[in-house]
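# Tertiary structure, described
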Amino acid sequence: MDLIASHISHRFGDLAVLDDVSFTLSAGEVVAIVGPSGCGKSTLLSILGGLLQPTSGAAELRGAPPADSLNPLTFVFQDFALLPWATVEENVEFPLLHTQLSAAQRRALVDDALQRTGLTDFRKAYPKQLSGGMRQRVGISRALAVKPAILLMDEPLSALDSQTRELLMEDFVRLLADGGMGAVYVTHNLEEAARLADRIVVLSRRPGRIREVVTVPITRASRGETAAREKLLALQNQIWSLIRNEAIDAEREVQHA
Amino acid sequence: MLDRVPAADMPANDEAPRRVRFRGAGFVPASSRFGGWIALALVIAIWQAAGSAGFVNQLFLPSPSAIVRAIYELAVSGALWQHVSASLLRIGVGWLLGTAAGVAVGFAIGLSRLARSVGITFISALFPIPKIALLPLLILWLGIGEEPKIATIALGVFFSTAISVYSGVDAVPRNLIRMAQSFNVPFATIVRKVIWPGALPAILAGFRITASVALLLVVSAEMIGAQYGIGAFVLQAGNLMQTDQLLAGVVILSVFGLVVGKVIGWLETRLLHWR
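Residues numbered from 1 in each chain as written. Chains lettered and ligands numbered in written order. Predicted model: local features only at pLDDT ≥ 70, side-chain atom pairs only at ≥ 80, totals over all residues.

## Overview of the overall build of chain A
- A count of helical and extended segments in chain A gives seven helices and nine strands.
- Over its C-alpha atoms chain A spans a radius of gyration of 18 Å, differing by no more than 12% from the 18 Å that the globule rule assigns to 257 residues.
- Principal-axis analysis of the C-alpha atoms gives chain A an extent of 55 × 45 × 40 Å.
- Counting the 257 residues in chain A, one finds 41% classified as buried.
- A fraction of 73% describes how many contacts in chain A between residues 6 or more apart in sequence connect residues 24 or more apart. (Helix = DSSP H or I, 4+ residues; strand = E, 2+ residues; numbered from the N terminus. Rg over C-alpha atoms; globule rule 2.2 N^0.38 Å. Buried ≥ 20, exposed ≤ 12 C-beta atoms within 10 Å, placed from the backbone. Contact = placed C-beta atoms within 7 Å.)

## Overview of the sheet that holds strand β2 (residues 15-25) of chain A
Residue and element names in this part refer to chain A.
- On the basis of which strands lie adjacent, the open sheet formed by three strands has the order β2-β1-β4 and antiparallel pairing. Unpaired on one side and paired on the other, β2 and β4 (56-62) mark the two borders of the sheet. Each strand of the sheet is rotated relative to its neighbour by a mean of 10 degrees, with strand direction disregarded.
- Pairing between strand β1 (residues 2-12) and β4: six bridges, direction antiparallel. The partner of L3 across the bridge, within β4, is L61.
- Where helix α1 (residues 41-48) meets the sheet, it contacts β1, β2 and β4, and its direction lies at approximately 125 degrees from that of β1. (Pairing = 2+ DSSP bridges. Axes fitted to C-alpha atoms, helices over the stretch in contact; angles between N-to-C directions.)

## So, the nonpolar core
- A32(A), I150(A), V184(A), Y185(A) and A214(B) are the most contacted members of the largest nonpolar core, which totals 123 residues.
- Not counting the four nearest positions on each side in its chain, A32(A) is found in contact with Y185(A), T187(A), A193(A), L196(A), A197(A), I200(A) and V201(A). (Core = buried A, V, L, I, M, F, W, Y, C linked by C-beta atoms within 7 Å.)

## Section: the interface of chain A and chain B
- Between chain A and chain B, the residue contacts involve 17 residues of the former and 15 residues of the latter.
- For the side of chain A that touches chain B, a count of residues per class yields twelve nonpolar, three polar and two charged. (Nonpolar A, V, L, I, M, F, W, Y, C, P; charged D, E, K, R; others polar.)

## Looking at the pairing of strand β8 (residues 199-203) of chain A
Residue and element names in this part refer to chain A.
- For β8, the tally of buried residues reaches four of five residues, placing the bulk of the element in the interior.
- Pairing geometry for strand β3 (residues 30-34) and β8, over four bridges, is parallel. Residue A32 lies in a different strand from β8, and its bridge partner there is I200.
- The sheet contact formed by β8 and strand β9 (residues 210-215) spans five bridges and is antiparallel. When the sheet's bridge partners are listed, V202 is paired in β9 with E212.
- Once β8 ends, the chain turns through six residues before running back antiparallel as β9.

## Concerning the confidence of the model for chain B
- Confidence along chain B averages 92 in pLDDT terms, with 96% of residues attaining 70 or more.
- We note a pTM of 0.86 for the whole complex and an ipTM of 0.92 for its interfaces. (pLDDT = per-residue confidence, 0-100.)

## Quick look at helix α4 (residues 113-126) of chain B
- Between its first and last C-alpha, α4(B) extends 20 Å over 14 residues, near the 20 Å set by a 1.5 Å rise per residue.
- Burial within α4(B) is sparse, with just zero of its 14 residues counted as buried. (Expected span 1.5 Å × (residues − 1).)

## Thoughts on the confidence of the model for chain A
- Overall, the predicted model of chain A reaches an average pLDDT of 91, with 98% of residues at or above 70.
- Within chain A, no element has a lower average pLDDT than helix α7 (residues 226-256) of chain A, which sits at 83, and none a higher one than helix α2 (residues 88-93) of chain A, at 97.

## Section: helix α1 (residues 35-52) of chain B
Residue and element names in this part refer to chain B.
- Its 18 residues give α1 an end-to-end C-alpha distance of 26 Å, which sits within 8% of 26 Å, the value for a rise of 1.5 Å per residue.
- Sparse coverage of α1 is indicated by the burial of zero of its 18 residues.
- Following α1 by one or two positions, G54 has its phi on the positive side, about 85 degrees.

## Focus: the sheet that holds β8(A)
Residues and elements named next belong to chain A.
- Pairing in this open sheet of six strands is mixed, and the strands run β5-β6-β7-β3-β8-β9 from one edge to the other. A single partner strand is all that each edge strand has here, and the edge strands are β5 (73-76) and β9. Between one strand axis and the next, the sheet turns through 15 degrees on average, direction left out of account.
- With four bridges connecting them, β3 and strand β7 (residues 182-186) associate as parallel partners. Across the sheet, the residue bridging to A32 is Y185, located in β7.
- The strands touched by α1 are β3, β6 (150-154), β7 and β8; relative to β7, the strand with the most contacts, the crossing angle is about 150 degrees.

Rendered as C-alpha coordinates:
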(Lines give C-alpha, C1' and ligand atoms only; values in the text may rest on other atoms or scores of the structure.)
Protein backbone atom coordinates (compact mmCIF):
# COMPACT_ATOMS: atom_id res chain seq x y z
CA MET A 1 0.00 0.00 0.00
CA ASP A 2 1.37 3.42 -0.98
CA LEU A 3 0.65 6.65 0.86
CA ILE A 4 0.49 9.73 -1.31
CA ALA A 5 0.65 13.35 -0.26
CA SER A 6 -1.13 15.05 -3.12
CA HIS A 7 -0.68 18.84 -3.33
CA ILE A 8 -1.34 19.31 0.36
CA SER A 9 -1.66 22.90 1.56
CA HIS A 10 -2.87 23.97 4.94
CA ARG A 11 -3.67 27.19 6.75
CA PHE A 12 -4.50 27.84 10.39
CA GLY A 13 -6.61 30.96 9.99
CA ASP A 14 -4.36 33.52 8.31
CA LEU A 15 -1.24 31.48 8.89
CA ALA A 16 -0.14 29.40 5.91
CA VAL A 17 1.55 26.31 7.30
CA LEU A 18 1.99 24.00 4.33
CA ASP A 19 2.21 24.90 0.68
CA ASP A 20 1.62 22.33 -2.04
CA VAL A 21 3.44 19.36 -0.55
CA SER A 22 3.48 16.21 -2.68
CA PHE A 23 5.38 12.98 -2.31
CA THR A 24 4.72 9.25 -2.39
CA LEU A 25 5.67 6.66 0.18
CA SER A 26 5.93 3.23 -1.44
CA ALA A 27 5.11 0.07 0.46
CA GLY A 28 7.76 -0.73 3.06
CA GLU A 29 9.62 2.51 2.49
CA VAL A 30 10.77 4.81 5.29
CA VAL A 31 10.59 8.53 4.57
CA ALA A 32 11.82 11.09 7.06
CA ILE A 33 10.42 14.59 7.06
CA VAL A 34 12.81 17.23 8.36
CA GLY A 35 12.74 20.99 8.42
CA PRO A 36 13.10 23.98 10.69
CA SER A 37 10.78 24.24 13.67
CA GLY A 38 7.30 25.42 12.80
CA CYS A 39 7.57 24.29 9.18
CA GLY A 40 4.45 22.17 9.44
CA LYS A 41 6.05 18.73 9.77
CA SER A 42 3.63 17.53 12.43
CA THR A 43 0.69 19.17 10.68
CA LEU A 44 1.61 17.27 7.54
CA LEU A 45 1.70 14.01 9.47
CA SER A 46 -1.71 14.67 11.04
CA ILE A 47 -3.10 15.28 7.55
CA LEU A 48 -1.47 12.11 6.20
CA GLY A 49 -3.02 10.10 9.05
CA GLY A 50 -6.51 11.55 8.66
CA LEU A 51 -6.52 13.48 11.93
CA LEU A 52 -6.63 16.87 10.22
CA GLN A 53 -8.39 18.03 7.06
CA PRO A 54 -6.07 19.96 4.77
CA THR A 55 -7.19 23.31 3.39
CA SER A 56 -6.51 21.91 -0.08
CA GLY A 57 -4.99 18.79 -1.53
CA ALA A 58 -5.41 15.36 0.02
CA ALA A 59 -3.75 12.35 1.56
CA GLU A 60 -4.42 9.29 -0.59
CA LEU A 61 -3.85 5.56 -0.39
CA ARG A 62 -3.10 3.31 -3.36
CA GLY A 63 -3.31 -0.45 -3.23
CA ALA A 64 -4.79 -2.71 -0.58
CA PRO A 65 -3.33 -2.88 2.91
CA PRO A 66 -2.06 -6.26 4.14
CA ALA A 67 -5.03 -8.52 4.87
CA ASP A 68 -4.21 -8.88 8.56
CA SER A 69 -3.77 -5.16 9.19
CA LEU A 70 -6.27 -3.83 11.75
CA ASN A 71 -5.22 -0.20 11.33
CA PRO A 72 -3.10 0.38 8.23
CA LEU A 73 -2.10 3.96 9.18
CA THR A 74 -0.94 3.95 12.78
CA PHE A 75 0.52 6.81 14.78
CA VAL A 76 3.35 6.82 17.29
CA PHE A 77 3.08 10.07 19.23
CA GLN A 78 5.72 12.40 20.57
CA ASP A 79 4.06 12.52 24.01
CA PHE A 80 3.28 8.76 23.89
CA ALA A 81 -0.48 9.37 24.43
CA LEU A 82 -0.86 6.53 26.92
CA LEU A 83 -3.97 6.16 29.05
CA PRO A 84 -2.60 6.88 32.54
CA TRP A 85 -5.33 4.82 34.24
CA ALA A 86 -4.58 1.70 32.20
CA THR A 87 -1.77 -0.78 32.67
CA VAL A 88 0.77 -1.44 29.95
CA GLU A 89 -1.19 -4.40 28.58
CA GLU A 90 -4.49 -2.53 28.77
CA ASN A 91 -2.93 0.32 26.82
CA VAL A 92 -1.70 -2.07 24.15
CA GLU A 93 -5.07 -3.81 24.03
CA PHE A 94 -7.00 -0.52 23.87
CA PRO A 95 -7.05 -0.20 20.05
CA LEU A 96 -8.19 -3.83 19.78
CA LEU A 97 -11.21 -3.56 22.09
CA HIS A 98 -13.65 -2.39 19.43
CA THR A 99 -12.54 -4.91 16.83
CA GLN A 100 -14.26 -8.23 16.10
CA LEU A 101 -11.38 -10.18 17.65
CA SER A 102 -12.05 -12.63 20.46
CA ALA A 103 -10.42 -12.13 23.84
CA ALA A 104 -7.95 -14.91 23.05
CA GLN A 105 -7.01 -13.37 19.71
CA ARG A 106 -6.55 -9.97 21.34
CA ARG A 107 -4.44 -11.53 24.01
CA ALA A 108 -2.21 -13.18 21.43
CA LEU A 109 -1.67 -9.88 19.61
CA VAL A 110 -0.92 -8.08 22.86
CA ASP A 111 1.53 -10.76 23.97
CA ASP A 112 3.33 -10.62 20.64
CA ALA A 113 3.52 -6.82 20.63
CA LEU A 114 4.77 -6.71 24.22
CA GLN A 115 7.37 -9.34 23.48
CA ARG A 116 8.67 -7.51 20.40
CA THR A 117 9.23 -4.36 22.46
CA GLY A 118 10.65 -6.11 25.52
CA LEU A 119 7.72 -5.14 27.73
CA THR A 120 6.50 -8.58 28.79
CA ASP A 121 7.76 -8.15 32.35
CA PHE A 122 6.11 -4.74 32.64
CA ARG A 123 2.63 -5.67 31.45
CA LYS A 124 0.95 -4.93 34.77
CA ALA A 125 2.75 -1.61 35.34
CA TYR A 126 1.07 1.77 35.03
CA PRO A 127 2.58 4.45 32.77
CA LYS A 128 3.59 6.66 35.70
CA GLN A 129 5.78 3.83 36.99
CA LEU A 130 7.78 3.70 33.75
CA SER A 131 10.66 5.76 32.43
CA GLY A 132 10.12 7.89 29.34
CA GLY A 133 11.80 5.33 27.12
CA MET A 134 9.62 2.50 28.41
CA ARG A 135 6.52 4.65 27.94
CA GLN A 136 7.40 5.19 24.32
CA ARG A 137 7.98 1.45 23.99
CA VAL A 138 4.39 1.02 25.15
CA GLY A 139 3.35 3.47 22.43
CA ILE A 140 5.26 1.44 19.86
CA SER A 141 3.89 -1.81 21.22
CA ARG A 142 0.35 -0.47 20.91
CA ALA A 143 1.09 0.50 17.31
CA LEU A 144 2.53 -2.93 16.50
CA ALA A 145 -0.50 -4.71 17.98
CA VAL A 146 -2.77 -3.43 15.20
CA LYS A 147 -0.37 -4.64 12.50
CA PRO A 148 0.13 -1.36 10.68
CA ALA A 149 1.20 -1.07 7.07
CA ILE A 150 2.62 2.39 7.67
CA LEU A 151 3.78 3.90 10.96
CA LEU A 152 3.27 7.64 11.26
CA MET A 153 5.87 8.69 13.77
CA ASP A 154 5.65 12.23 15.11
CA GLU A 155 9.01 13.08 16.69
CA PRO A 156 8.80 9.88 18.72
CA LEU A 157 12.15 10.43 20.44
CA SER A 158 12.18 14.15 21.10
CA ALA A 159 10.71 13.86 24.60
CA LEU A 160 13.49 11.48 25.63
CA ASP A 161 17.06 11.91 26.83
CA SER A 162 19.88 11.16 24.43
CA GLN A 163 20.81 7.74 25.82
CA THR A 164 17.23 6.51 25.73
CA ARG A 165 16.93 7.95 22.24
CA GLU A 166 19.88 5.89 21.10
CA LEU A 167 18.38 2.69 22.52
CA LEU A 168 14.99 3.29 20.94
CA MET A 169 16.60 4.22 17.63
CA GLU A 170 18.14 0.75 17.60
CA ASP A 171 14.65 -0.68 18.19
CA PHE A 172 13.24 1.32 15.28
CA VAL A 173 16.00 0.16 12.96
CA ARG A 174 15.27 -3.45 13.94
CA LEU A 175 11.47 -3.17 13.67
CA LEU A 176 11.60 -1.56 10.24
CA ALA A 177 14.44 -3.74 8.92
CA ASP A 178 12.38 -6.43 7.21
CA GLY A 179 10.45 -3.96 5.04
CA GLY A 180 7.10 -5.28 6.26
CA MET A 181 6.19 -1.86 7.55
CA GLY A 182 6.72 1.52 5.99
CA ALA A 183 7.05 4.69 8.01
CA VAL A 184 6.77 8.42 7.78
CA TYR A 185 9.18 9.69 10.41
CA VAL A 186 8.86 13.34 11.38
CA THR A 187 11.89 14.70 13.18
CA HIS A 188 14.03 17.76 13.63
CA ASN A 189 17.00 15.49 14.30
CA LEU A 190 18.99 14.95 11.12
CA GLU A 191 20.94 12.04 12.57
CA GLU A 192 17.73 10.12 13.22
CA ALA A 193 16.57 10.88 9.71
CA ALA A 194 19.85 9.73 8.16
CA ARG A 195 19.93 6.50 10.15
CA LEU A 196 16.38 5.44 9.59
CA ALA A 197 15.11 6.73 6.27
CA ASP A 198 15.35 5.60 2.67
CA ARG A 199 14.53 9.14 1.59
CA ILE A 200 14.53 12.43 3.44
CA VAL A 201 11.98 15.09 2.57
CA VAL A 202 13.44 18.48 3.46
CA LEU A 203 10.79 21.12 4.09
CA SER A 204 11.36 24.85 3.96
CA ARG A 205 10.44 27.30 6.64
CA ARG A 206 6.76 28.14 7.11
CA PRO A 207 4.80 27.81 4.93
CA GLY A 208 6.46 24.42 4.48
CA ARG A 209 7.31 23.57 0.88
CA ILE A 210 9.42 20.66 -0.29
CA ARG A 211 12.94 22.03 -0.75
CA GLU A 212 14.52 18.79 -1.66
CA VAL A 213 14.01 15.06 -1.44
CA VAL A 214 17.31 13.43 -0.56
CA THR A 215 17.81 9.73 -1.18
CA VAL A 216 20.10 8.18 1.40
CA PRO A 217 22.76 6.46 -0.71
CA ILE A 218 23.37 3.55 1.64
CA THR A 219 20.99 0.67 2.24
CA ARG A 220 19.46 0.62 5.68
CA ALA A 221 21.03 -2.76 6.44
CA SER A 222 24.60 -1.56 5.96
CA ARG A 223 24.41 1.73 7.85
CA GLY A 224 26.05 0.34 10.96
CA GLU A 225 29.42 -0.01 9.19
CA THR A 226 32.18 2.51 9.89
CA ALA A 227 32.53 3.66 6.29
CA ALA A 228 28.79 4.18 6.10
CA ARG A 229 28.81 6.35 9.20
CA GLU A 230 31.08 8.89 7.57
CA LYS A 231 28.88 9.05 4.51
CA LEU A 232 25.82 9.54 6.67
CA LEU A 233 27.54 12.32 8.56
CA ALA A 234 28.37 14.03 5.28
CA LEU A 235 24.73 13.67 4.27
CA GLN A 236 23.60 15.21 7.54
CA ASN A 237 25.92 18.15 7.00
CA GLN A 238 24.62 18.56 3.48
CA ILE A 239 21.02 18.69 4.73
CA TRP A 240 21.97 20.96 7.60
CA SER A 241 23.53 23.43 5.19
CA LEU A 242 20.20 23.38 3.31
CA ILE A 243 18.14 24.34 6.33
CA ARG A 244 20.58 26.15 8.60
CA ASN A 245 19.76 29.69 7.52
CA GLU A 246 16.06 28.98 7.63
CA ALA A 247 16.42 27.40 11.06
CA ILE A 248 18.04 30.63 12.26
CA ASP A 249 15.19 32.68 10.81
CA ALA A 250 12.62 30.31 12.30
CA GLU A 251 14.23 30.57 15.70
CA ARG A 252 14.18 34.37 15.61
CA GLU A 253 10.57 34.32 14.54
CA VAL A 254 9.54 32.08 17.41
CA GLN A 255 11.34 34.32 19.87
CA HIS A 256 9.56 37.41 18.60
CA ALA A 257 6.15 35.80 18.60
CA MET B 1 41.23 12.71 28.52
CA LEU B 2 40.06 13.84 31.90
CA ASP B 3 42.44 15.54 34.24
CA ARG B 4 42.52 13.63 37.47
CA VAL B 5 44.19 15.46 40.28
CA PRO B 6 45.01 13.29 43.30
CA ALA B 7 44.16 14.93 46.60
CA ALA B 8 47.82 15.19 47.49
CA ASP B 9 48.49 17.14 44.32
CA MET B 10 45.98 19.87 45.05
CA PRO B 11 47.55 23.31 44.73
CA ALA B 12 49.19 24.24 47.99
CA ASN B 13 47.14 26.60 50.09
CA ASP B 14 47.41 26.97 53.84
CA GLU B 15 43.96 28.45 54.36
CA ALA B 16 41.54 26.07 56.13
CA PRO B 17 38.45 25.24 53.98
CA ARG B 18 35.07 26.54 55.15
CA ARG B 19 31.96 24.43 54.92
CA VAL B 20 29.26 25.76 52.55
CA ARG B 21 26.41 27.01 54.73
CA PHE B 22 23.12 25.09 54.31
CA ARG B 23 20.43 27.56 53.26
CA GLY B 24 17.70 25.36 51.81
CA ALA B 25 15.56 24.85 54.93
CA GLY B 26 11.79 25.29 55.18
CA PHE B 27 9.04 26.03 52.65
CA VAL B 28 8.04 22.37 52.40
CA PRO B 29 4.27 21.79 52.51
CA ALA B 30 4.45 18.96 55.03
CA SER B 31 2.61 18.58 58.34
CA SER B 32 3.66 16.59 61.35
CA ARG B 33 1.73 13.42 62.01
CA PHE B 34 -0.01 14.09 65.32
CA GLY B 35 0.20 17.89 65.39
CA GLY B 36 -3.40 18.38 64.34
CA TRP B 37 -4.83 15.91 66.84
CA ILE B 38 -2.76 17.32 69.69
CA ALA B 39 -3.91 20.86 68.89
CA LEU B 40 -7.55 19.73 68.75
CA ALA B 41 -7.25 17.88 72.06
CA LEU B 42 -5.62 20.92 73.60
CA VAL B 43 -8.39 23.29 72.51
CA ILE B 44 -11.08 20.92 73.82
CA ALA B 45 -9.21 20.52 77.11
CA ILE B 46 -8.90 24.30 77.59
CA TRP B 47 -12.56 24.72 76.67
CA GLN B 48 -13.56 22.06 79.18
CA ALA B 49 -11.32 23.52 81.87
CA ALA B 50 -12.69 27.02 81.31
CA GLY B 51 -16.25 25.67 81.58
CA SER B 52 -15.57 23.58 84.68
CA ALA B 53 -13.78 26.46 86.40
CA GLY B 54 -16.74 28.73 85.75
CA PHE B 55 -14.92 31.20 83.49
CA VAL B 56 -17.48 30.66 80.75
CA ASN B 57 -21.24 30.90 81.16
CA GLN B 58 -22.63 27.44 80.36
CA LEU B 59 -25.67 29.01 78.77
CA PHE B 60 -23.63 30.75 76.12
CA LEU B 61 -20.95 28.12 75.61
CA PRO B 62 -21.61 24.73 77.17
CA SER B 63 -18.53 22.66 77.94
CA PRO B 64 -17.59 19.70 75.74
CA SER B 65 -18.73 17.26 78.40
CA ALA B 66 -22.18 18.84 78.44
CA ILE B 67 -22.38 18.51 74.66
CA VAL B 68 -21.36 14.86 74.83
CA ARG B 69 -23.97 14.29 77.51
CA ALA B 70 -26.62 15.95 75.36
CA ILE B 71 -25.72 13.76 72.40
CA TYR B 72 -25.86 10.67 74.61
CA GLU B 73 -29.30 11.59 75.96
CA LEU B 74 -30.56 12.29 72.46
CA ALA B 75 -29.30 8.93 71.31
CA VAL B 76 -30.87 7.09 74.23
CA SER B 77 -34.23 8.79 73.82
CA GLY B 78 -34.32 7.93 70.12
CA ALA B 79 -34.73 11.57 69.13
CA LEU B 80 -31.24 11.61 67.62
CA TRP B 81 -32.06 8.93 65.10
CA GLN B 82 -35.38 10.53 64.26
CA HIS B 83 -33.69 13.80 63.34
CA VAL B 84 -30.63 12.30 61.71
CA SER B 85 -32.64 9.87 59.61
CA ALA B 86 -34.95 12.62 58.37
CA SER B 87 -31.95 14.71 57.30
CA LEU B 88 -30.09 11.76 55.79
CA LEU B 89 -33.10 10.80 53.70
CA ARG B 90 -33.42 14.32 52.30
CA ILE B 91 -29.70 14.62 51.62
CA GLY B 92 -29.47 11.13 50.13
CA VAL B 93 -32.39 11.46 47.74
CA GLY B 94 -31.64 15.08 46.85
CA TRP B 95 -27.96 14.47 46.30
CA LEU B 96 -28.55 11.39 44.15
CA LEU B 97 -31.14 13.11 41.96
CA GLY B 98 -29.00 16.22 41.57
CA THR B 99 -25.86 14.21 40.86
CA ALA B 100 -27.52 11.94 38.30
CA ALA B 101 -28.95 14.90 36.42
CA GLY B 102 -25.74 16.90 36.80
CA VAL B 103 -23.54 14.11 35.44
CA ALA B 104 -25.88 13.59 32.48
CA VAL B 105 -26.08 17.29 31.64
CA GLY B 106 -22.36 17.82 32.30
CA PHE B 107 -21.44 15.05 29.86
CA ALA B 108 -23.87 16.39 27.27
CA ILE B 109 -22.29 19.84 27.54
CA GLY B 110 -18.81 18.38 27.41
CA LEU B 111 -19.53 16.28 24.34
CA SER B 112 -22.00 18.21 22.21
CA ARG B 113 -21.63 21.64 20.72
CA LEU B 114 -25.39 22.28 20.81
CA ALA B 115 -25.77 21.16 24.42
CA ARG B 116 -22.79 23.33 25.33
CA SER B 117 -24.14 26.52 23.84
CA VAL B 118 -27.59 26.01 25.34
CA GLY B 119 -26.48 24.45 28.63
CA ILE B 120 -23.79 26.92 29.57
CA THR B 121 -26.14 29.84 29.00
CA PHE B 122 -28.72 28.44 31.39
CA ILE B 123 -26.20 27.29 33.94
CA SER B 124 -24.47 30.68 33.99
CA ALA B 125 -27.82 32.34 34.55
CA LEU B 126 -29.13 29.97 37.21
CA PHE B 127 -26.02 28.84 39.06
CA PRO B 128 -25.50 32.07 41.05
CA ILE B 129 -29.02 31.97 42.54
CA PRO B 130 -28.84 30.88 46.18
CA LYS B 131 -30.99 27.79 45.87
CA ILE B 132 -32.55 28.24 49.27
CA ALA B 133 -34.26 31.34 47.89
CA LEU B 134 -36.26 29.02 45.65
CA LEU B 135 -37.65 26.98 48.54
CA PRO B 136 -40.79 29.12 48.99
CA LEU B 137 -41.52 28.78 45.29
CA LEU B 138 -40.87 25.06 45.42
CA ILE B 139 -43.24 24.78 48.39
CA LEU B 140 -45.92 26.48 46.30
CA TRP B 141 -45.28 24.05 43.46
CA LEU B 142 -44.72 20.85 45.38
CA GLY B 143 -46.59 21.29 48.67
CA ILE B 144 -45.20 21.36 52.20
CA GLY B 145 -43.91 17.79 52.42
CA GLU B 146 -40.47 16.39 51.72
CA GLU B 147 -40.50 17.25 48.03
CA PRO B 148 -39.56 20.94 48.15
CA LYS B 149 -36.66 20.26 50.53
CA ILE B 150 -35.36 17.43 48.36
CA ALA B 151 -35.82 19.54 45.24
CA THR B 152 -33.83 22.41 46.78
CA ILE B 153 -30.95 20.09 47.59
CA ALA B 154 -31.13 18.45 44.17
CA LEU B 155 -31.01 21.83 42.45
CA GLY B 156 -28.02 22.98 44.46
CA VAL B 157 -26.18 19.72 43.78
CA PHE B 158 -27.17 19.68 40.12
CA PHE B 159 -25.50 22.93 39.09
CA SER B 160 -22.21 22.28 40.89
CA THR B 161 -22.10 18.73 39.52
CA ALA B 162 -22.86 19.78 35.95
CA ILE B 163 -20.11 22.40 36.06
CA SER B 164 -17.48 20.09 37.54
CA VAL B 165 -18.41 17.31 35.09
CA TYR B 166 -18.14 19.39 31.94
CA SER B 167 -14.95 21.03 33.22
CA GLY B 168 -13.63 17.52 33.82
CA VAL B 169 -14.61 16.42 30.30
CA ASP B 170 -12.96 19.55 28.87
CA ALA B 171 -9.80 18.76 30.81
CA VAL B 172 -9.36 15.29 29.31
CA PRO B 173 -6.13 15.60 27.30
CA ARG B 174 -6.98 16.11 23.63
CA ASN B 175 -4.01 13.99 22.62
CA LEU B 176 -5.64 10.92 24.18
CA ILE B 177 -8.80 11.51 22.16
CA ARG B 178 -6.78 11.98 18.99
CA MET B 179 -4.89 8.81 19.79
CA ALA B 180 -8.16 6.89 20.13
CA GLN B 181 -9.45 8.39 16.88
CA SER B 182 -6.23 7.40 15.13
CA PHE B 183 -7.09 3.79 15.97
CA ASN B 184 -10.67 4.20 14.67
CA VAL B 185 -12.06 3.72 18.18
CA PRO B 186 -15.81 4.46 18.01
CA PHE B 187 -17.37 7.43 19.82
CA ALA B 188 -19.07 5.38 22.55
CA THR B 189 -15.84 3.57 23.40
CA ILE B 190 -13.94 6.85 23.53
CA VAL B 191 -16.52 8.20 25.98
CA ARG B 192 -16.39 5.07 28.12
CA LYS B 193 -12.67 4.33 28.05
CA VAL B 194 -11.06 7.75 27.65
CA ILE B 195 -13.40 10.57 28.64
CA TRP B 196 -15.09 8.95 31.64
CA PRO B 197 -11.88 7.89 33.43
CA GLY B 198 -10.21 11.12 32.38
CA ALA B 199 -13.00 13.23 33.87
CA LEU B 200 -13.38 11.12 37.00
CA PRO B 201 -10.87 13.08 39.15
CA ALA B 202 -12.79 16.29 38.52
CA ILE B 203 -16.12 14.53 39.10
CA LEU B 204 -14.99 13.16 42.46
CA ALA B 205 -13.57 16.55 43.44
CA GLY B 206 -17.00 17.93 42.58
CA PHE B 207 -18.60 15.41 44.98
CA ARG B 208 -16.73 17.03 47.84
CA ILE B 209 -18.28 20.36 46.99
CA THR B 210 -21.77 19.02 46.38
CA ALA B 211 -21.74 17.06 49.64
CA SER B 212 -21.18 20.29 51.56
CA VAL B 213 -23.75 22.09 49.41
CA ALA B 214 -26.28 19.37 50.27
CA LEU B 215 -25.51 19.65 53.97
CA LEU B 216 -25.87 23.43 53.89
CA LEU B 217 -29.17 23.25 52.03
CA VAL B 218 -30.70 20.51 54.16
CA VAL B 219 -30.06 22.50 57.33
CA SER B 220 -31.38 25.71 55.78
CA ALA B 221 -34.48 24.02 54.41
CA GLU B 222 -35.18 22.30 57.71
CA MET B 223 -34.83 25.58 59.54
CA ILE B 224 -37.42 27.14 57.29
CA GLY B 225 -40.01 24.47 57.78
CA ALA B 226 -39.64 20.97 59.16
CA GLN B 227 -40.69 19.05 62.22
CA TYR B 228 -37.73 16.67 62.20
CA GLY B 229 -34.23 16.96 60.92
CA ILE B 230 -30.96 18.29 62.34
CA GLY B 231 -31.67 21.79 61.06
CA ALA B 232 -35.09 21.87 62.71
CA PHE B 233 -33.61 20.46 65.88
CA VAL B 234 -30.85 23.08 66.06
CA LEU B 235 -33.32 25.89 65.46
CA GLN B 236 -35.69 24.57 68.15
CA ALA B 237 -32.87 24.20 70.64
CA GLY B 238 -31.80 27.78 69.94
CA ASN B 239 -35.33 29.09 70.48
CA LEU B 240 -35.48 27.28 73.82
CA MET B 241 -31.98 28.50 74.83
CA GLN B 242 -30.85 24.84 75.05
CA THR B 243 -27.35 25.58 73.87
CA ASP B 244 -26.01 22.15 74.80
CA GLN B 245 -28.61 20.58 72.51
CA LEU B 246 -27.89 23.18 69.86
CA LEU B 247 -24.18 22.42 69.87
CA ALA B 248 -24.92 18.70 69.95
CA GLY B 249 -26.67 19.21 66.62
CA VAL B 250 -23.72 21.19 65.28
CA VAL B 251 -21.29 18.47 66.33
CA ILE B 252 -23.41 15.85 64.58
CA LEU B 253 -23.35 17.94 61.40
CA SER B 254 -19.60 18.26 61.65
CA VAL B 255 -19.19 14.51 62.11
CA PHE B 256 -21.44 13.91 59.12
CA GLY B 257 -19.29 16.22 57.00
CA LEU B 258 -16.13 14.44 58.14
CA VAL B 259 -17.54 11.00 57.35
CA VAL B 260 -18.62 12.06 53.87
CA GLY B 261 -15.17 13.54 53.27
CA LYS B 262 -13.55 10.27 54.34
CA VAL B 263 -15.83 8.24 52.06
CA ILE B 264 -14.93 10.43 49.08
CA GLY B 265 -11.25 10.21 50.01
CA TRP B 266 -11.56 6.42 50.08
CA LEU B 267 -13.31 6.45 46.68
CA GLU B 268 -10.50 8.57 45.28
CA THR B 269 -7.77 6.23 46.45
CA ARG B 270 -9.75 3.26 45.10
CA LEU B 271 -10.66 4.73 41.72
CA LEU B 272 -7.74 7.07 41.08
CA HIS B 273 -4.86 4.90 42.24
CA TRP B 274 -3.23 5.41 38.84
CA ARG B 275 -2.47 9.07 39.57
